[in-house]
Amino acid sequence: MQNRYFGDVGDYGKYGLLRKLCGITSVGPTLSLGIVWYLVPDEGHNEDGKHTSYLRKPDYRQCDPTLFDGLNRMLSDGQRVVAKIQQSDLLPKGTAFFENLLSYKGMPITGVENKKARLSMRRKWLSDALDAAQNRDIIFLDPDNGFQVKSVPKHADKAVKYIFWDELNEFCAEDRTLVIYHHLNRTLPSRDQIQLKLEEFRNNLPRGEATIPLLFKRGSHRVFFIVPAHRHRSLVSDRLRKMRISAWAPHIELFGL
């Protein structure tokens, strides 16, 4: 996640999904929430994050009017930082936020000791994130790009933009539902990429076979992989099915339900 993306169309889908899963826009019990931003420094080499024109389109507002109006207000001053959603009342009361920056900036990369120092820093960051998100029903993990790729080892400069499977396993307690952001690329059709990633879930994560992907089709294609805790499975599945037949329907595609 980068601060400059705050409030774009992907964020609207992200917060709409979390509000639905947590029970803010659903009937039934409210589930507590923890958010680990995987926040990295803002980049300026492209035009990503500019997609806010949806805030002038009434068909988007009907998906979640309270969220839509709230994001409109928060973007009115032109400042885009995740702290704004943290200070709002749009997510469940008591939501835990972990916003520590994940960056290797200023840390040398060459040499064994420098590699170890980078990995040690990242382990400390992960430990702090786990502490911040403990005792929450739903944990949302928001890496800038999504899941690790073979070409980027964990100590590499760009590794901060990815979540690694061993890190995800640290969050995977039996009583927690996980939601993980993943940005699709253009190498294969979205459906094919999702199927390949589901196979990785089955191979790398306990309960991975229960993973439910939700594709958000507006702006760049992105997927939210939802791994329901056993105690939440029926509730989560029901809320996702209702989202599929709501005003969100033109913007999303669900797999496996």
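Residues numbered from 1 in each chain as written. Predicted model: local features only at pLDDT ≥ 70, side-chain atom pairs only at ≥ 80, totals over all residues. Heavy atoms only, no water.

Some words on the overall build of the protein
Here is step 1 of the chain: Secondary structure assignment for the protein yields eight helices and nine strands.
Here is step 2 of the chain: By the compact-globule yardstick of 18 Å for 257 residues, the protein fits well, its C-alpha radius of gyration being 18 Å.
Here is step 3 of the chain: Projected onto its principal axes, the C-alpha positions of the protein cover 55 × 40 × 40 Å.
Here is step 4 of the chain: Counting every position in the protein, which comprises 257 residues, the buried fraction comes to 52%.
Here is step 5 of the chain: Within the protein, contacts between residues at least 6 apart in sequence are counted, and of these 71% link residues at least 24 apart.
Here is step 6 of the chain: Counting only carbon and sulfur atoms, one obtains 49% of the accessible surface of the protein, whose full area is about 11900 Å².
Here is step 7 of the chain: Counting 39 positive and 30 negative side-chain charges, the protein places the averaged centre of each group 2 Å from the other. (Helix = DSSP H or I, 4+ residues; strand = E, 2+ residues; numbered from the N terminus. Rg over C-alpha atoms; globule rule 2.2 N^0.38 Å. Buried < 20%, exposed > 50% of the residue type's maximum accessible area, 1.4 Å probe, protein only. Contact = heavy atoms within 4.5 Å. Areas by Shrake-Rupley, 256 points an atom, 1.4 Å probe, with all protein chains shown as cover. Lys, Arg positive; Asp, Glu negative; His and termini not counted. Charge placed at Lys NZ, Arg CZ, Asp CG, Glu CD.)

Focus on the layout of surface pockets
Here is step 1 of the chain: By volume, the largest pocket is sized at about 490 Å³.
Here is step 2 of the chain: Looking at the largest pocket, it is lined by 20 residues, and the ones nearest its centre are His-182, His-183, Leu-184, Asn-185 and Gln-193.
Here is step 3 of the chain: Looking at the lining of the largest pocket, the elements with two or more residues in it are strand E6 (177-183) and helix H7 (190-204).
Here is step 4 of the chain: The element that contributes the greatest number of residues to the lining of the largest pocket is H7, accounting for five residues. (1 Å grid on protein atoms, 1.4 Å probe; cavity = no way out; pocket = protein on both sides within 12 Å on 5 of 7 lines; lining within 4 Å. Points joined across faces, edges and corners; volume = space filled by probe spheres on them.)

Things to note about the pattern of salt bridges
Here is step 1 of the chain: Tallying each qualifying case throughout the model produces 16 salt bridges.
Here is step 2 of the chain: The partner of Asp-142 in a salt bridge is Lys-14, and the shortest N-O contact between them spans 2.6 Å. With Asp-142 in the loop between strand E3 (138-141) and strand E4 (146-147) and Lys-14 in helix H1 (residues 9-22), the pair connects residues that are 128 residues apart, well separated along the chain.
Here is step 3 of the chain: The exposure class of Asp-142 is buried, given its relative accessible area of 2%.
Here is step 4 of the chain: With relative accessibility at 3%, the residue Lys-14 sits in the buried group.
Here is step 5 of the chain: Taking the shortest distance from any N to any O, the salt bridge between Lys-161 and Asp-144 comes out at 2.6 Å. Taken together, the residues span a long stretch of sequence, with Lys-161 in the loop between E4 and strand E5 (162-163) and Asp-144 in the loop between E3 and E4 at a distance of 17 residues. Each member of the pair, Lys-161 together with Asp-144, is buried.
Here is step 6 of the chain: Through salt bridges with shared partners, a single ionic network connects Asp-11, Lys-14 and Asp-142. (Salt bridge = Lys/Arg side-chain N within 4 Å of Asp/Glu carboxyl O.)

Some points on the sheet that holds strand E9 (residues 252-254)
Here is step 1 of the chain: Read from one edge of the open sheet, seven strands run E2-E1-E3-E6-E8-E7-E9, paired in mixed fashion. The strands lining the two open edges of the sheet, one partner per strand, are strand E2 (96-98) and E9. Neighbour to neighbour, the strand axes of the sheet diverge by 15° on average, direction disregarded.
Here is step 2 of the chain: Of the strand pairs in this sheet, E3 and E6 are connected by four bridges, and their pairing is parallel. Paired with Leu-141 across the bridge in E6 is Ile-180.
Here is step 3 of the chain: Running at roughly 170° to E2, helix H5 (residues 112-133) makes contact with strand E1 (33-36), E2 and E3 of the sheet. (Pairing = 2+ DSSP bridges. Axes fitted to C-alpha atoms, helices over the stretch in contact; angles between N-to-C directions.)

By themselves, these are just geometric observations and shouldn't be taken as functional.
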